[in-house]
Every structure is written in C-alpha cells, then in structure tokens.
Amino acid sequence: MRDHQIPLVKAAFLEPFRIAMEQNGISADTYFRKYRLPISRPVDAQTLIPEKPFWRLINQVAIAEMIPDFGMQVAQAMRWHEIESLRPLLYGHRSLRAVLRKFCELAGSQSNISAFRLRLESGVCWFESRCDTLIGNDIQMENYRVTSMIELIQLAAGKNWQPLAVHLMMDQNRVIQSNHLLAGCRPEFTRPCTAISLPVGLLDAKVGLDEKRDSFVSPLEEIIDKSQFLTALQTIIDQYVLDKDLSIDVIADLSECSPRTLQRTLREQGLKYKDMVQSARMKHATARLRASNISVTEIALQLCYADTAHFSRAFKRWTGVTPSHYRKHTRSPAEVDGGTEA
C-alpha cells in the first residue's frame, strides 16, 4: 500500500467536460452528480479531485448520448494551454520545443497518474504519454488525450497539422475513426503508450501563445507527493464531505483500493475513517461559519445531520464551543451583524 497512490487531478479540468456537454444539449450537472463530481465550479482551479470519475463519465456520455467523438469534443472545448491551472505556466515560451518541455515538466502536477516526455528517434520526435489506465476498455479518455497532444503541436504547426504516426493503447476499434485529426494517418493500436510523431525541425517553430502571465503559484511547488496517501485521502473526503453517501466503500472506490485495504492502512497509522470524515466536516463547518452568512441550520443540513441540535453537539466536541459562539468570535462585528443564525 505504500506504493499506492490515489488518482487526483486539478479541478480546472472539469470545465471542458461541462462545456462539451452543454454544447451537445446535455445536462452536465446530471452527469456530474451521477459520477460524484463537484456540481459547483470550484473557487480554486488548483483544487485536487478524484480522477477516476472523469474516465467513467467521458466513456459513458459517448455511449449513452451516442457521441462517438466525445473525447475529441472535450479536448476541443478547452485546449490544454487554455486550462486555468496550466495557462499562465505555459505563456511566455516562444518555441514549440520550450512549450512541450514545460508541459512535460508540469503534467505530473496536474494529474498524479500522468507522465509525458519527448523522445528523439532517427530524425523524428515522439511526444509520448504514459498514463495509468483507470477503467477497462477505455476509448474516450485516450481520444481526449491524443487530441489534446495534437492541439499542442498545432500551436506552432497550424490547425490543419496532423501527426506523422500515432500510437494508441486502446484495442483496435472503429470509434476512433470519428476523430478527424487522425484522418491522415493509420493509428497503431495496443501500444504501450499514447504517442504522436512530428519532424524534429518543427520543435524550433514559433508558437502563438500570449506572453501574459497570471499570478499563480507554480505547480512545481505543489507537486503531489505520491507517497502521501493519507493526505490525498483526506483531500478526497474533504471534496465529498457534502455527499449523502460518504461511506468508506465510496471513498475506497474513488481512491482505487478496496475498503479492507483502506481500513488496514488507516489502522496501521493509528487512524479511523470516521475521524477523517469528522475532520472534513469540521473544516467545512468552520469555514462556512467564518466566511458566510448561511444559518447554522443550513450548515447542519449540508453536512447531513438530522437536526441542528445534533450538529451543535458535534461542533462543540470538535472545537469546545457552540457554532454561534464560534461565529461570533471569529468574525468582525460588521460581519456578525450582517449574518443570520438559526
């Protein structure tokens, strides 16, 4: 279990999924609820959320809504260099070589199961992705990935550019033929990684990225330490704390491990699952009491307590004071006057 990692991805990657579904007249919220993805747009694009639901969602939407090129559509809805958590970090690089090298350097900070590299071979450059597969018979997530990789090259080569050759991990199928970006080549299937090839000379081509930089902290400063399983686990519980079904079975599934393995790991660390859930509830409750005017009753309902009294007793166990007392002493007088209490 020490080598086990929970697949996590930056919340910014939700947006192209939402856009692609809305462009097809599909309710994104309905699918997000079904696959336990956050409904509201996270305030912080750098927030980490479980990645496996993305894989389930993208393949299911393609099948249920009969959109064979849905993976490609998600990629085109918002290209990788437009993703909020990546955009400011790729700006300012003048050549394709610099952009691709920077992207390969940053990829692991955006998804902790992703790794990209550039490999030179006989005058050809291979842009490769080695990504753990989270579900069986995946087509659409790899379709999304290879489309996004091609779009990065098109920053320098133009929108009509197509790769010299394409390697795909998926089994041979007809669905991938719906991706028009692959129309000019014959993909090779069941390969060990996703890869596209380009002429080495293209690496020195200029890119058209705006040089403006936003004031983001570099993801290199917050790359996921893959050994910190418990930290990642707490992150997932924090994200799903408002879910009515916060059972260990649900969290274990999102964490890519069995409930028994999860319980054993926690026991070895002297921890209990219910304590991690309580920690998440406490963080949510204290944040709401400090920074919002919603009532104690509403906070209790959000956290699935039967009534305000049960929540208040739990809150006092966590902090030693009642919710009302906590709100009063952690906010300015002006904020308290504007608030509402149950």
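Residues numbered from 1 in each chain as written. Predicted model: local features only at pLDDT ≥ 70, side-chain atom pairs only at ≥ 80, totals over all residues. Heavy atoms only, no water.

A. Quick look at the overall build of the chain. A count of helical and extended segments in the chain gives 15 helices and six strands. Counting every position in the chain, which comprises 342 residues, the buried fraction comes to 50%. In the chain, 71% of the contacts between residues at least 6 apart in sequence involve partners at least 24 apart. For the chain, the accessible surface area stands at approximately 16,600 Å², while carbon and sulfur atoms represent 49% of it. (Helix = DSSP H or I, 4+ residues; strand = E, 2+ residues; numbered from the N terminus. Buried < 20%, exposed > 50% of the residue type's maximum accessible area, 1.4 Å probe, protein only. Contact = heavy atoms within 4.5 Å. Areas by Shrake-Rupley, 256 points an atom, 1.4 Å probe, with all protein chains shown as cover.)

B. How the structure looks around the pairing of strand 3 (residues 116-121). With six bridges joining them, strand 3 and strand 4 (residues 124-129) adopt antiparallel strand pairing. Bridge pairing in strand 4 places E121 opposite V124. (Pairing = 2+ DSSP bridges.)

C. Representation of the pattern of salt bridges in the model. In the structure shown here, the tally under the stated rule is 14 salt bridges. The partner of D29 in a salt bridge is R18, and the shortest N-O contact between them spans 3.1 Å. With D29 in helix 2 (residues 28-34) and R18 in helix 1 (residues 14-23), the pair connects residues that are eleven residues apart, well separated along the chain. Taken together, the shared-partner salt bridges in this structure form one network comprising R117, R119, E121 and E128. (Salt bridge = Lys/Arg side-chain N within 4 Å of Asp/Glu carboxyl O.)

D. Region of the structure containing the sheet that holds strand 4. Spatially, the four strands line up as an open sheet ordered 3-4-6-5, and their pairing is antiparallel. This sheet does not close on itself; its edge strands, each paired only once, are strand 3 and strand 5 (166-167). Direction of pairing for strand 4 relative to strand 6 (residues 194-199): antiparallel, over a ladder of six bridges. Note that in strand 6 the partner of F127 across the bridge is I196. Packed on one face of the sheet, helix 6 (residues 96-110) meets strand 3, strand 4 and strand 6 and runs near 135 degrees to strand 3. Contacting strand 3, strand 4, strand 5 and strand 6, helix 7 (residues 140-157) runs over the sheet at an angle of about 20 degrees to strand 6. (Axes fitted to C-alpha atoms, helices over the stretch in contact; angles between N-to-C directions.)

E. Helix 11 (residues 273-291), seen in detail. Here helix 11 spans 27 Å end to end across 19 residues, near enough to the 27 Å set by a 1.5 Å rise per residue. Within the sequence span of helix 11, burial applies to Y273, M276, V277, A280, R281, H284, A285, T286 and L289. (Expected span 1.5 Å × (residues − 1).)

F. Molecular detail of the nonpolar core. With 71 residues, the main nonpolar core has M21, F54, W80 and F127 as its most contacted residues. If one sorts the elements of this core by residue count, helix 7 sits on top with eight residues. Leave out the neighbours within four places in its chain, and W80 touches F13, L86, F103, F116, Y144, R145, S148, M149 and L152. Grouped together as the second largest cluster of nonpolar side chains are 36 residues, I237, L266, Y273 and L303 included. (Core = buried A, V, L, I, M, F, W, Y, C linked by side-chain atoms within 4.5 Å.)

Keep in mind that these numbers describe shape and distance, not what the molecule does.
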